[in-house]
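Here is how the chains run, residue by residue.
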Amino acid sequence: MRVLALTSGGDAPGMNMVLAYLFVKFKFKLYVARAGFRGLINNDITKITDFEPLKNAKKAGSCIKCSRCSAFATEEGFAKGLENAKRFDIIVVLGGNGSYRGCQQLAESGVRTIFIPATIDNDVANNDYSLGYHTAVDACENTINNTMPSIDAMDRCVIFEVMGRHCPRIASCVYHKSQADYLITSKKDINYPKIVEIVKNKHEIGQASSIILQENIIKMQTIVKNINKLYPELEVCTVKIGHVQRGSAPTSIELEFAKGFARKAIEAITKKDKSYAILYRQNKFVLEEFKEENK
Ligand code: F6P
């Protein structure tokens, strides 16, 4: 059986563990497309010839590289990718929503595919868990824990901007876990008098305060300016948590999720004959069949 794996979109901690499982199962019959759908389009496809996936199993990133490939959404790009995909018995894609759609399109064109949700944003539809989310939240918590003592010592307020693209899950979870003072996940949440009341109350009793901001809502400096208009005495710092959310080593819980997704994917590849998304719902890994209407 010729199995082709690719990791698409932004990298997510846990991807390498899934690749290691695929390698253990299919050994040197496993092929990989370098940098996601871009490798599929450009025929940048190689057979695994060493133990690279095993060496990297517990590391973040992807040992076969990732990319965001808008060309795959074009007619020409898709046609090239499809031609190369047809040389394999099954294509395993790890990625987020865009990758899900790519998989579905391949399945509809008659190529057997398996999709595994892997995006720190945890925003794949009808799915409770995507690889990378736990590590991303954990990385935010670590950054916050290692920042707050300094904020506290200097009697300041701090705004932490977290990733998530347009999904509030990382921000909400980090807000609750870090017991922050204010959460902004939409423009509607921005109420400066309320923010100032909260941070002022804390400042007046000698306590630091923190605000969790989801990215793509508002610039952190705009919040700082508006707080200072109402409360000039307070020093407000900004921390963009950034790619440590993707680059941190997968947590032990992440690695267990990766193993669960990989086992279910291998079961679907070897025991079934259709195309599936491997999803996690109500504490279980489940198979959702891709419809092949246009086959
Ligand atoms: O989709 C994952 C993600 O990390 C988002 O949370 C973020 O908006 C985006 O990717 C950042 O992408 P890049 O690394 O390409 O800047």
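Our structure is the block above this text.
Here we summarise the structure given alongside this text. (Residues numbered from 1 in each chain as written. Predicted model: local features only at pLDDT ≥ 70, side-chain atom pairs only at ≥ 80, totals over all residues. Heavy atoms only, no water.)

## Looking at the pairing of strand S11 (residues 284–289)
- Relative to S11, strand S10 (residues 276–281) is paired through six bridges, and the arrangement is antiparallel. From the neighbouring strand, Arg-281 faces S11, where its bridge partner is Lys-284.
- Where S10 folds back onto S11 in an antiparallel hairpin, the turn is made up of two residues, including Gln-282, whose phi is positive at roughly 45°. (Pairing = 2+ DSSP bridges. Helix = DSSP H or I, 4+ residues; strand = E, 2+ residues; numbered from the N terminus.)

## Thoughts on unusual backbone geometry
- A positive phi angle, near 70°, is found at Lys-65, a position not held by glycine.
- Mapped onto the elements of the fold, Lys-65 is located in the loop between helix H3 (52–56) and helix H4 (75–85).
- Phi at Asn-283 takes a positive value of approximately 65°, unusual for a residue other than glycine.
- Within the fold, Asn-283 resides in the loop between S10 and S11.

## So, the sheet that holds strand S8 (residues 209–214)
- Reading across from one edge, S7-S8-S6-S9 is the order of the four strands in this open sheet, with parallel pairing throughout. Lying at the two open borders of the sheet, with one neighbouring strand each, are strand S7 (182–184) and strand S9 (236–240). Sheet twist, expressed as the mean angle between neighbouring strand axes with direction ignored, is 20°.
- Sheet topology places strand S6 (residues 157–162) next to S8; six bridges connect them, and they run parallel. Of the residues in S8, the one forming a bridge with Val-162 is Gln-214.
- Of the strands in this sheet, S6, S7 and S8 are in contact with helix H8 (residues 192–204), which crosses S7 at around 150°. (Axes fitted to C-alpha atoms, helices over the stretch in contact; angles between N-to-C directions. Contact = heavy atoms within 4.5 Å.)

## Regarding the packing of helix H1 (residues 15–26) against helix H11 (residues 252–271)
- For the pair H1 and H11, the least separation of the axes is 8 Å and the interaxial angle reads 40°. Relative to H11, H1 is oriented oblique. For the pair H1 and H11, the sense of crossing is right-handed. Between H1 and H11, the residues in contact are Met-17, Val-18, Tyr-21, Leu-22, Lys-25 and Phe-26 and Leu-255, Ala-258, Lys-259, Ala-262, Arg-263, Ile-266, Ile-269 and Thr-270, respectively.
- Tallied by class, the residues present in the contact of H1 with H11 amount to 10 nonpolar, one polar and three charged. (Parallel < 35°, antiparallel > 145°, perpendicular 65-115°, else oblique. Left-handed = near helix turned anticlockwise from the far one by under 90°. Nonpolar A, V, L, I, M, F, W, Y, C, P; charged D, E, K, R; others polar.)

## Here's the deal with the sheet that holds S11
- Strand order in the open sheet formed by seven strands is S3-S2-S1-S4-S5-S10-S11, and the pairing between neighbours is mixed. In the strand order of this sheet, the two ends are held by strand S3 (45–47) and S11, each with one partner. Across the sheet, the mean angle separating the axes of adjacent strands is 25° when strand polarity is ignored.
- With three bridges joining them, strand S1 (residues 3–7) and strand S2 (residues 30–33) adopt parallel strand pairing. Within S2, the position partnered with Ala-5 by the bridge is Val-32.

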